[in-house]
Amino acid sequence: KYDPWITLKTSHRPMNVSFTNYTEYGIHNQAVRYCWISYYIFIILSSFLGDTTILVASTKYNAFKLHKAIVAVMQHMAVCDLLNSFNICLYLVTLISERNNVGSFLCNFQSYSRYYSYPVSFYFTAALTSIKLHIVQYPLHAHLWTKSKAHIVCGIIWICSLAILIPSLVIDKNDV
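Just so it is clear, the structure is predicted and the values come from calculations on it, not from any experiment. (Residues numbered from 1 in each chain as written. Predicted model: local features only at pLDDT ≥ 70, side-chain atom pairs only at ≥ 80, totals over all residues. Heavy atoms only, no water.)

### Quick look at the packing of helix 3 (residues 30-59) against helix 4 (residues 68-97)
Two measures define how a pair of helices packs: the angle their axes make with one another and the distance between the axes. The interhelical angle for the contact between helix 3 and helix 4, taken along N-to-C directions, is 155°, at an axis separation of 9 Å. When the axis of helix 3 is compared with that of helix 4, the two are roughly antiparallel. Crossing geometry of helix 3 relative to helix 4 is assigned as left-handed. Residues belonging to the contact of helix 3 with helix 4 are distributed by class as follows: 20 nonpolar, five polar and three charged. (Axes fitted to C-alpha atoms, helices over the stretch in contact; angles between N-to-C directions. Helix = DSSP H or I, 4+ residues; strand = E, 2+ residues; numbered from the N terminus. Parallel < 35°, antiparallel > 145°, perpendicular 65-115°, else oblique. Left-handed = near helix turned anticlockwise from the far one by under 90°. Nonpolar A, V, L, I, M, F, W, Y, C, P; charged D, E, K, R; others polar.)

Structure (structure tokens):
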């Protein structure tokens, strides 16, 4: 029987309390658990394959015939996606083992890197769209967007997103 108080009690649990997929994800059926495991494996494999292909093709072989600023933002997006894939790997370990056995450090790392990488991914998408719009709207000024300027914009996105995350680390680092 589903008890809504279990979810309420475990939503702000201390880190030393173990939990199961029943309390954390609300998975009550093994078939649903296997579907989630299959889905996460597919996401991890496609992400690792796609992101590493993008990084290798753009850095080593210079395979993309796009504007250099767009390629630079795509590289940062691929790195951010790899960080998200690592988070999904930790979810997968939890789903396969049916308990949290990644430890408190990796549990905190997973939570905070998720809170960090998702907004970064959104900001990279916004930056990519803005750069594309500026290049299309002002084609005579497209040469002003250099690869180094795009890396500077992406660095500012990484740093500003980290600055947003730091207060939650300082205020209550154990409430993940």
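Past the structure itself, the notes keep going.
### Here's the deal with the packing of helix 4 against helix 5 (residues 103-137)
Between helix 4 and helix 5, whose axes approach to 9 Å, the crossing angle comes to 155°. In terms of orientation, helix 4 lies roughly antiparallel with respect to helix 5. By crossing handedness, the relation of helix 4 to helix 5 is classed as left-handed. Residues of the contact of helix 4 with helix 5, tallied by class, amount to 19 nonpolar, eight polar and three charged.

### Structural notes on the confidence of the model for the protein chain
Confidence along the protein chain averages 85 in pLDDT terms, with 84% of residues attaining 70 or more. Summarising per-element confidence for the protein chain, the mean pLDDT is lowest in helix 1 (residues 4-10) (46) and highest in helix 3 (94). Here residues 1-17 scores under 50 on pLDDT; set against residues more than four positions off or in separate chains, the count is 17 contacts. (pLDDT = per-residue confidence, 0-100. Contact = heavy atoms within 4.5 Å.)

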